[in-house]
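An overview of the molecular structure
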Amino acid sequence: MLAKQDQVHVGVILDMGSREGKIILSCISMALSDFYHLHDNYSTRVVLHSKDSKGEPLPALSAALGLLENIKVESIIGAQTRAEANLLAELGEAAKLPVMSLSRPLTDNKYPFLVEIMRSDQAAEVRGISALIEVFKWRDVIILYDNKEYEKDFIPSLVNSFQEITHRSVSYKSSNIASSSSNEEIIEELQKLTRLKIKVFVVHVSHLLAPRLFLIANKLGMMSEGYAWIVTSSSMNLLQAMNLSVIESMQGVLGFKSSIPASINLHSLTTRLRRKFYMEDPNMEAIRELSADGIWAYDATWALAEAVERARLKNSTTRSSKDGAVLLNEMLQTRFKGLSGEIQYVNGKLIPSEPFGIVNVIGKGEIKRIGFWPCKEEVKSRKGSPYQQLIHSRRNLASTIDLERVIWPGGSKRELSSSETIKLRIGVPVRFGFKELVRVEHDLETNTTHVTGFSIDVFKAAIGALPYEVQYEFIPFEDANGNSAGTYNDLVYQVYLKKFDAVVGDVTITENRSQYVDFTIPYTDLGVGMLVPNAKENMWIFFKPLSKYLWITTAAFFILTGFVVWIIEHPTNENFRGTAAEQIGTVFWFTFSSLGFTYTEKLSNNLAKFVVIIWVFLVLILSSTYTATLASMMTVKQIQLNSRGNYIGYQSGSLGVIVNLNFKGIKPYRSSEEYFVALSKGSKHNGVSGVIDEVPYINIFLANYSADYSMIKTKSITNGFAFVFPKGSKLVQDVSRKIERLRQEEKLIEMEKTWFLRKTTLMSDEDINNKDPNTIDLYDIRGLFVISGASLAIALFLFIVVSHRFRNLIRGLVQLIGRQLQRLRMFVSNKVCSRTEQNCCMSLPMQLYIYTVR
C-alpha cells in the first residue's frame, strides 16, 4: 500500500453523457495504467476523480469547485468547450491550480496556470482553407460559425487569409449559428442561405453543433451534387465519435483533421479501448478510430504523472507535491515522444509538430485522407520567408500527388474547379444620340442585334479579366418600334424587378438608384461641364477694358485738367502763351503727355503742381487697370455667359442637373449634332449660349468640334457612369477591381481614344475667374474722379481769390467779349437801315445813346 502523502488527486471534468467524453476518460485512465506499469518504482500515484460537466460551462465550474473543496485536487483535466476553458482558467488562476484544457479560452487573457493540451495551429489551418478555395477557384463562399465560440478570433483570421492568398478575388457571406439554437432556428438560417445561390460552405462550429447541422442540411438537400463543404478541425477531429448516421449525412465533405502518426502503441490503445467498451456495452457502436482529443489527453496524463514525480522530489523535505507552481513548472519542462508526436508545452501550449490531414468523407461513413497541409516535404524543410513558404505550400497542394481525387456531395467525382458558369441577361439603353457610348443596330437580314460602344468595350474587358467564366446576352431596352422603352430610371428598375441581371451603358450613379441596385466603381470622368463657344476675333478689343461712360469721363477730365492748368499758368508761364492755336495745342499736349510722364513744360505755380499731382495719381491707377485688363483679354478669349439673359441647353432626360445649377432659360437636345446647331445659332437666333451636360458627353462633342468650343468644368455633382447589378451581387466587387486595373494600366484611355478622341479644351472655375475679367466701369473707380474733380475746383477757387493778374485777365476778356458784341450789333443795324433808311436815321442815334448809357 502507498502512503497517503504519495497520492496526488487530479480532477477530470468531461461530458460523461457523450460518447466522446467516455472515450477521453478511458484514455486518461489507460494512460495512468500504462505509465505506472512502466514506472512502477515511482513513489507517487495520480488518483483520478471524474465529474460530469453535462457539456455546459456552469456545471463544469460547479464540479471543479466541489473537487477543490472536497477532494483537494492539485490539477484538473477537461474543458471540452471554450466556455468551460474560460471558467476553469479563471478558477485555476485564483487557486494556483494547473488546469489541463482540451480547448482554448474565449478571451485573449493570459492564464499562466492554463495548459492547452490539444495541438492547435489556427494560422496554418486558415491558410490551408484559403489555399484550398484558391485551388478550386471558388469565388463565393459562405462561412458558418458558432457565434459564441469562434467569432472573435478564427473568423477574422480566415477573412484576412482570404484576402491575402486569393488576392481579394473571393467574396464571402458569414452566418452564425449558436450551439444552443433549436432545430427550427437552424432550418430557418439554412433556408435563408440557400436563397443566396452560393453553394460553397466553410463550417467552423463545435462538435456539439456539427451533428445537428449536417443532418438538417442533408434533409434540406444541401448535401447534394453541386455543393461543396469544408469543415475545420474543431469538428473533424471528433468525427469518429459521432453517430454513423451523422457521418453518412456528411458524404462529400472536405475537412482539416489533426494528424496522428500511426504506431504500434496507438494501435494497441485503440484495440484495448474497443475491447473495454464492448465488455461494458455490447450494443455500443464500435470505436473505429480514436479522436485526437483522446490521444492528446492520453499524452497529457503521461506528462502530468511525470511532473508529479519530479515535483515530489523537489519538495523532498516535506515530501509534498501540493505546490501548484512547482507542478506547473515541471509540466512545462516535460518533453517526450507521445502517441501524437513530440510532446512539449511551450508557454502553456502544445507545440504543433504534424501537418493537418485533408480528409474526404466518402460512402458508408468512410473517411479518407487525400492530402496534407502543409505538405510533409514542406514541414521537413521550410526555407524562405513565411509568405514564400505559404505560396510554395499552395502550389504543392494543387498537385495531384498531394491531393487525391475528391468525392463531392451526392457522390459526384466531377472536379468543382470553379463556381457555376454565370449567365447574365444584360439590359442596354437605346439612344438617339451619343452612340459612341452605346450603339444598338439590328440586322434584319440575319435577324441579329449588334451592341457596340465605349461602355460595351469596358464591360467586356472587365468581364473577360475575371478568373471565372461569365456568359452574357445584351438585350436592348426598347419597344416594338425600336424606340427606348422608358427612362434610365425605368431601365435600372428592371434589375430590381429581376427582369435583367445587369445594365451596361451610360448609367449615372445616383442615390435614389442605389437604394434598389448596386453600382460598380465609375469607369468615366465625374461631374458636369459647361460647353460654350470660343470668343470671335475682335479688332477693337483695346476698347473693351473700359466702359463707354468711363471713356467719356476720362476724356472730359483730360480736357478739364489741361484747361485748369492753363488758366493757372498762363499769366506767368511763357510756355502757356502764344497764339490761340498754340495755347490750345499746349493744353492737349501737356495733358496727354502726362500718360507717359514725358511733358517738357515746367510749372511755376504751386496750385498747378497740386492739380498735376492728383491727375498723375489718377492716370497711374487708370493706366495700370487698363493694362492689366487688356492683357487678360488678349491672353484668354473672354467667355461671357449670363444665365438670365441667355438660353442654356441640356440633354433631354437630365433636367435635374440644370435645375441644380439654377438656370432658367433652358432647352433640351438629344445629340451632339443638335448641340452644335444650337450653339452655332446662339441665344439671339433661337439657339443657346451654352450647354450643360456630364463630362463624357461633352468629351464626345469636343472630339468633333473642339476647334470652336471649350468646356468649363463647373461642379462634381454627378458620380460618373457605372455598371448596374442586383443588390449583393458578387460581380460588383469583382468587376470594380477589374475596372480599377484597366484604369491603372491606361486601357480605359486607349478605349476612349478609339471611340472619342480626347480633344477637350478644359478651363477650371479658377481659370475663368483669372482670365475672364469684367469690363471696368465708371462706378468701380468713381472715387478717383471725385478726388481729381475736387482738386481742380479747389485749385481754381484759390487762384481766383488770391491772383490780381487773374482778375485783370478776366476783366480784359469781358471787355473783349463786349467789343465783339458791339460790332455784331452794328452789323445787324446796317442791314436794317438799308431797307428803311429813314427809320434807321431816326433810330440809330437813339440806339447808340441807349448803348452808351448801358
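Residues numbered from 1 in each chain as written. Predicted model: local features only at pLDDT ≥ 70, side-chain atom pairs only at ≥ 80, totals over all residues. Heavy atoms only, no water.

**Points about the overall build of the protein**
- Looking only at helices and strands, one finds 29 helices and 28 strands in the protein.
- Counting over 854 residues, the protein shows a buried share of 49%.
- Taking contacts inside the protein between residues at least 6 apart in sequence as the whole, the part at least 24 apart equals 72%. (Helix = DSSP H or I, 4+ residues; strand = E, 2+ residues; numbered from the N terminus. Buried < 20%, exposed > 50% of the residue type's maximum accessible area, 1.4 Å probe, protein only. Contact = heavy atoms within 4.5 Å.)

**Considerations on the pairing of strand E3 (residues 75-78)**
- The alternating pattern of E3 places Ser75 and Ile77 on one face and Ile76 and Gly78 on the opposite face, and all of these are buried.
- As judged from the four bridges shared by strand E1 (residues 7-14) and E3, these two strands associate in the parallel manner. Across the sheet, Val12 pairs through a bridge with Ile77, a residue of E3.
- With three bridges joining them, E3 and strand E4 (residues 99-101) adopt parallel strand pairing. (Pairing = 2+ DSSP bridges.)

**Structural notes on the environment of Phe500**
- Of note, Phe500 is situated in the loop between helix H16 (488-496) and strand E20 (502-503).
- Along the primary structure Phe500 and Phe477 are separated by 23 residues, whereas in three dimensions their C-alpha atoms are 9.9 Å apart.
- Apart from residues lying up to four places away in sequence, Phe500 is in contact with Arg425, Ile426, Gly427, Ile475, Phe477, Leu491, Gln494 and Val495.

**Comments concerning the packing of helix H6 (residues 183-194) against helix H7 (residues 210-219)**
- One can describe the packing of H6 onto H7 by two numbers: an axis separation of 10 Å at closest approach and a directional angle of 55°. On the basis of their axis angle, the class for H6 and H7 is oblique. The chirality of how H6 crosses H7 is right-handed. Mapping the contact onto sequence places Asn183, Ile186, Ile187 and Leu190 in H6 and Arg212, Leu213, Ile216 and Ala217 in H7.
- The residue makeup of the contact of H6 with H7, split by class, is six nonpolar, one polar and one charged. (Axes fitted to C-alpha atoms, helices over the stretch in contact; angles between N-to-C directions. Parallel < 35°, antiparallel > 145°, perpendicular 65-115°, else oblique. Left-handed = near helix turned anticlockwise from the far one by under 90°. Nonpolar A, V, L, I, M, F, W, Y, C, P; charged D, E, K, R; others polar.)

**Notes on helix H24 (residues 731-744)**
- Between the first and last C-alpha of H24 there are 20 Å, a value that for 14 residues agrees with the 20 Å anticipated at 1.5 Å per step.
- Burial in H24 covers these residues: Leu731, Val732, Asp734, Val735, Ser736, Lys738, Ile739 and Leu742.
- Where H24 ends, the next residue or the one after it, Glu746, has phi of about 65°, a positive value. (Expected span 1.5 Å × (residues − 1).)

**Looking at the confidence of the model for the protein**
- This prediction gives the protein a mean pLDDT of 78; 78% of its residues lie at or above 70.
- Ignoring residues within four places in sequence, the model shows residues 758-773, a span with pLDDT below 50, making 39 contacts including any to other chains.
- Confidence drops under a pLDDT of 50 for residues 838-854, and excluding neighbours within four residues, the segment shows eight contacts in the predicted structure. (pLDDT = per-residue confidence, 0-100.)

**Observations concerning the sheet that holds E1**
- Strand order in the open sheet formed by eight strands is E2-E1-E3-E4-E5-E13-E12-E11, and the pairing between neighbours is mixed. The sheet is open, and its two borders are formed by strand E2 (45-52) and strand E11 (335-338), each paired with just one other strand.
- The pairing of strand E12 (residues 341-346) with strand E13 (residues 349-350) spans two bridges and is classified as antiparallel. When the bridges of E13 are listed, Val346 appears paired with Lys349.
- Against the sheet, helix H2 (residues 57-71) makes contact with E1, E2 and E3, and its axis sits at roughly 165° relative to E1, the strand it touches most.
- Here helix H11 (residues 292-314) sits on the sheet and contacts E1, E2, E3, E4, strand E5 (114-119), E11, E12 and E13; the angle it forms with E5, its principal contact strand, is near 140°.

**Quick word on the pattern of salt bridges**
- For the coordinates displayed, the defined rule picks out 10 salt bridges.
- Where Arg431 meets Asp506, a salt bridge forms, and the shortest distance between an N and an O atom there is 2.6 Å. Within this pair, whereas Arg431 is found in the loop between strand E16 (422-428) and strand E17 (439-443), its partner Asp506 is found in the loop between E20 and helix H17 (511-514), the two being separated by 75 residues in sequence. For the pair Arg431 and Asp506, a shared accessibility class is recorded, and that class is buried.
- Salt bridges here are not isolated pairs; linked through shared partners, they connect Glu306, Arg310 and Glu330. (Salt bridge = Lys/Arg side-chain N within 4 Å of Asp/Glu carboxyl O.)

**Observations regarding the environment of Gln733**
- Mapping Gln733 onto the fold places it in helix H24.
- Take Gln733: its relative accessible area is 46%, and that puts it in the partly exposed class.
- Sequence-wise, Gln733 and Ile521 are 212 residues apart; in three dimensions their C-alpha atoms are separated by 8.7 Å.

**Considerations on the pairing of strand E6 (residues 140-145)**
- Of all six residues in E6, six are buried; the element is thus mostly enclosed.
- Burial along E6 is two-sided: the residues Asp140, Ile142 and Leu144 and Val141, Ile143 and Tyr145 are all buried.

**Observations regarding the side chain of Glu20**
- Following the sequence through the fold, Glu20 ends up in helix H1 (residues 19-38).
- No salt bridge is formed by the buried Glu20; the nearest opposite charge belongs to Arg19, separated by 6.6 Å.
- Non-local contacts of Glu20, meaning those with residues more than four positions away in its chain, are made with Gln80, Leu238, Ala241, Ser291, Asp293 and Gly294. (Lys, Arg positive; Asp, Glu negative; His and termini not counted.)

**Regarding the side chain of Thr270**
- In this structure, Thr270 sits in helix H10 (residues 264-280).
- Judged by its relative accessible area of 11%, Thr270 is buried.

**Details of the nonpolar core**
- Core analysis: the largest hydrophobic core is formed by 52 residues, its most contacted members being Leu273, Leu290, Leu304 and Tyr345.
- Among the elements of the structure, E1, H1, E5, H10, H11, helix H12 (324-332) and E12 are those that each provide at least two residues to this core.
- Looking at which element gives the most residues to this core, the answer is H11, with 13 residues.
- Not counting the four nearest positions on each side in its chain, Leu304 is found in contact with Val10, Ser75, Ile77, Met100, Leu327 and Met331.
- Phe434, Tyr523, Phe723 and Leu731 belong to the second largest nonpolar core, which has 48 residues in total. (Core = buried A, V, L, I, M, F, W, Y, C linked by side-chain atoms within 4.5 Å.)

**Some remarks on unusual backbone geometry**
- In this model, Asn447 sits at a positive phi of 55°, which is unusual for a non-glycine residue.
- Positionally, Asn447 belongs in the loop between E17 and strand E18 (448-452).
- For Asn447, a relative accessible area of 71% puts it in the exposed group.

**Observations regarding the packing of aromatic side chains**
- If you walk through the whole model with that rule in mind, you get 26 aromatic pairs.
- Residues Phe35 and Tyr42 carry aromatic rings whose centres are separated by 5.6 Å and whose planes lie at 70° to one another, so their mutual orientation is edge-to-face.
- For Phe35, a relative accessible area of 1% gives the class buried.
- Summarising the aromatic geometry, the rings of Phe136 and Trp408 are spaced 5.2 Å apart at their centres and angled 80° between planes, so their arrangement reads as edge-to-face. Of the two residues, Phe136 is situated in the loop between helix H4 (122-135) and E6 and Trp408 in the loop between helix H14 (386-398) and E16; the sequence distance between them amounts to 272 residues.
- In this structure Phe136 comes out as buried when scored by relative accessible area, which is 4%.
- Counting every residue linked through ring pairs, the aromatic cluster contains Phe434, Tyr669, Tyr675, Tyr697, Phe701 and Phe721.
- Sitting over the face of the ring of Tyr227, Lys199 holds its NZ or CZ atom 5.2 Å from the ring centroid. (Phe/Tyr/Trp six-rings, centres within 6.5 Å; stacked < 30°, edge-to-face > 60°. Lys NZ or Arg CZ within 6 Å of the ring centre and 35° of its normal.)

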